[in-house]
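Chain and residue survey
One-letter residues, chain by chain:
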Amino acid sequence: KNEVEQSPQNLTAQEGEFITINCSYSVGISALHWLQQHPGGGIVSLFMLSSGKKKHGRLIATINIQEKHSSLHITASHPRDSAVYICAVFAQGGSEKLVFGKGTKLTVNP
Amino acid sequence: KAGVTQTPRYLIKTRGQQVTLSCSPISGHRSVSWYQQTPGQGLQFLFEYFSETQRNKGNFPGRFSGRQFSNSRSEMNVSTLELGDSALYLCASSFGRWTSGSSYEQYFGPGTRLTVT
């Protein structure tokens, strides 16, 4: 079992829909990171959070440390949001190394 | 301000050869991290360099090595290439060490796509 699990693996939405991508992890963490990877490979760092909630434009990330779960929400989705969204955690204990989920591929249709 | 650049962008090598990939961070950034991305394993952390010293290393064999120069540019080397080393290799830079407590943002380069035949 992977230490970081994302769901769903693939998601198709219509423009304007509210999107939720989930990330569950099985290890103790000190922080969680959401990344966006566009077709072609370019990666953009979206959020790093260790508690609560962060918002940037139409993107909202939440984390529940007790439940070992984070969600990434996209409000009023747009075709340009089509990308792979990747969750990664800094595992606690010893040296800090990022452990990545396999990603959620989002397609937003006009 | 120029972004993170990686050279070359594409590379084809034969099994058993060695390869060197280069990463130039954003001006002023001192931390460079390297990642490998494959369809099967997804993204995996390779190593992090800060001020010319390797600060962290992922679970990769000794065939994977790297270094950082005084101008913060970094190179990674893979010796005795195997078919399984075919991947997209990404580097990312940040102003300071990129750890869980960091308030610095990490910026990714476009990657080098390595194909081993």
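Further up the page is the structure itself.
Below you will find a few notes about this structure. (Residues numbered from 1 in each chain as written. Chains lettered and ligands numbered in written order. Predicted model: local features only at pLDDT ≥ 70, side-chain atom pairs only at ≥ 80, totals over all residues. Heavy atoms only, no water.)

**A word on the nonpolar core**
Ranked by internal contacts, the top residues of the largest apolar core, which has 25 residues, are Leu-32 and Trp-34 of chain A. Elements supplying a minimum of two residues to this core: strand E2 (10–14), strand E3 (19–25), strand E4 (29–37), strand E5 (43–49), strand E7 (59–64), strand E8 (69–74), strand E9 (83–91) and strand E11 (104–109) of chain A. Leu-32 of chain A has contacts with Cys-23, Tyr-25, Phe-47, Met-48, Leu-49, Ile-63, Ser-70, Cys-87, Ala-88 and Val-89 of chain A, leaving out every residue within four places of it along the chain. Counting residues in hydrophobic clusters, the runner-up holds 21 residues, among them Leu-11, Trp-34, Met-76 and Leu-114 of chain B. (Core = buried A, V, L, I, M, F, W, Y, C linked by side-chain atoms within 4.5 Å. Buried < 20%, exposed > 50% of the residue type's maximum accessible area, 1.4 Å probe, protein only. Helix = DSSP H or I, 4+ residues; strand = E, 2+ residues; numbered from the N terminus. Contact = heavy atoms within 4.5 Å.)

**Things to note about the sheet that holds strand E7 (residues 64–68) of chain B**
By definition, the strands of a sheet pair up through backbone hydrogen bonds, in either a parallel or an antiparallel sense. Residues and elements named next belong to chain B. In spatial order, the strands read E1-E3-E8-E7; together these four strands make up an open sheet with antiparallel pairing. Edge strands, defined here as strands with exactly one partner in the open sheet, are strand E1 (5–7) and E7. Looking at each pair of strands side by side, their axes are set apart by 20° on average, direction ignored. Relative to strand E8 (residues 74–78), strand E3 (residues 19–24) runs antiparallel, the two being bridged by five bridges. Paired with Val-19 across the strands is Val-78, a residue of E8. (Pairing = 2+ DSSP bridges. Axes fitted to C-alpha atoms, helices over the stretch in contact; angles between N-to-C directions.)

**A short note on the interface of chain A and chain B**
Across the boundary between the two partners, chain A contributes 17 residues, which contact 21 residues of chain B. The junction of chain A with chain B conceals about 1600 Å² of combined surface from both sides, 59% of it contributed by carbon and sulfur atoms. If you look at where chain A meets chain B, you find zero salt bridges. In this assembly, chain A and chain B are joined by two residue pairs in polar contact (both at pLDDT 80 or more). Ranked by residue count, the leading element in the side of chain A that touches chain B is E4 of chain A, at five residues. Of the residues that constitute the side of chain A that touches chain B, the class distribution is eight nonpolar, six polar and three charged. (Buried area = accessible area lost by both parts, 1.4 Å probe. Salt bridge = Lys/Arg side-chain N within 4 Å of Asp/Glu carboxyl O. Polar contact = N/O pair within 3.5 Å; in protein donor to acceptor, adjacent residues only side chain to side chain. Nonpolar A, V, L, I, M, F, W, Y, C, P; charged D, E, K, R; others polar.)

**Quick word on the pairing of strand E6 (residues 52–56) of chain A**
Residues and elements named next belong to chain A. The buried fraction of E6 amounts to zero of the five residues, a small share that puts the element mostly on the outside. As paired strands, E6 and E7 are joined by five bridges and run antiparallel to one another. The partner of Lys-54 across the bridge, within E7, is Ala-61. In this structure, the hairpin formed by E6 and E7 is closed by a connection of two residues, where Gly-57 is found at a positive phi of approximately 65°.

**Some points on the sheet that holds E6 of chain A**
Residue and element names in this part refer to chain A. In space, the five strands of this open sheet follow the order E1-E3-E8-E7-E6, with antiparallel pairing throughout. Since the sheet does not close on itself, it has two edges, and those belong to strand E1 (4–7) and E6, each with one partner. Each adjacent strand pair in this sheet contributes to an overall mean axis angle of 15°, direction not counted.

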